[in-house]
Amino acid sequence: MKAVIEKSKYPIVLRDYLSIGKRKARVKIEIHEDRVISFLDSEEDFFAEGKTVKEAKDNLINVMLDEKEFFERHEEELGKPLITKYQKLLELFG
């Protein structure tokens, strides 16, 4: 019997969750041939990549924490779109 190997079409898109303390945030995972990208489902401007799903998700948490720190330092200078992003980060990380 001849084995049939079907090539996957990239990107492969999955839905998953990030656990942030007691909170969970939905994420979209895109698996590409050479990398994995994770996006915060409600705010795709927050994204990160890695070699594995776990690494991409861990990197996404770090990216969001860095953004939160930046927004905290510049809170008085933020316009409405950035305030909305900052509020989302505060919901997730407190």
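A brief report on the enclosed structure follows. (Residues numbered from 1 in each chain as written. Predicted model: local features only at pLDDT ≥ 70, side-chain atom pairs only at ≥ 80, totals over all residues. Heavy atoms only, no water.)

## Description of the sheet that holds strand β1 (residues 12–20)
Strand order in the open sheet formed by four strands is β1-β2-β3-β4, and the pairing between neighbours is antiparallel. Of all strands in the sheet, those with a lone pairing partner are β1 and β4 (43–50), marking the two edges. Averaged over all pairs of adjacent strands, the angle between strand axes in this sheet comes to 30°, irrespective of strand direction. Of the pairings in the sheet, the one linking strand β3 (residues 36–40) to β4 comprises five bridges and is antiparallel in character. Residue pairing in the sheet places phenylalanine 39 in a bridge with phenylalanine 47 of β4. Taken strand by strand, helix α1 (residues 53–73) contacts β1, β2 (23–31), β3 and β4, and its axis lies near 130° from that of β4. (Pairing = 2+ DSSP bridges. Helix = DSSP H or I, 4+ residues; strand = E, 2+ residues; numbered from the N terminus. Axes fitted to C-alpha atoms, helices over the stretch in contact; angles between N-to-C directions. Contact = heavy atoms within 4.5 Å.)

## Let's talk about the pattern of salt bridges
Considering all chains together, one arrives at twelve salt bridges under this definition. For aspartate 16, the salt bridge is made with lysine 57, and the minimal N-O distance between the two is 2.8 Å. Placement of the pair is aspartate 16 in strand β1 and lysine 57 in helix α1, with a sequence separation of 41 residues. Taking the relative accessible area as the measure of exposure, aspartate 16 reaches 27% and is therefore partly exposed. One salt bridge connects lysine 28 with glutamate 44, and the closest N-O pair in it is separated by 3.1 Å. Highlighted residues: lysine 28 in strand β2 and glutamate 44 in strand β4, separated in sequence by 16 residues. Owing to a relative accessible area of 13%, lysine 28 belongs among the buried residues under this scheme. The class of glutamate 44 is partly exposed, set by a relative accessible area of 38%. (Salt bridge = Lys/Arg side-chain N within 4 Å of Asp/Glu carboxyl O. Buried < 20%, exposed > 50% of the residue type's maximum accessible area, 1.4 Å probe, protein only.)

All we've got here are geometric facts, nothing functional implied.
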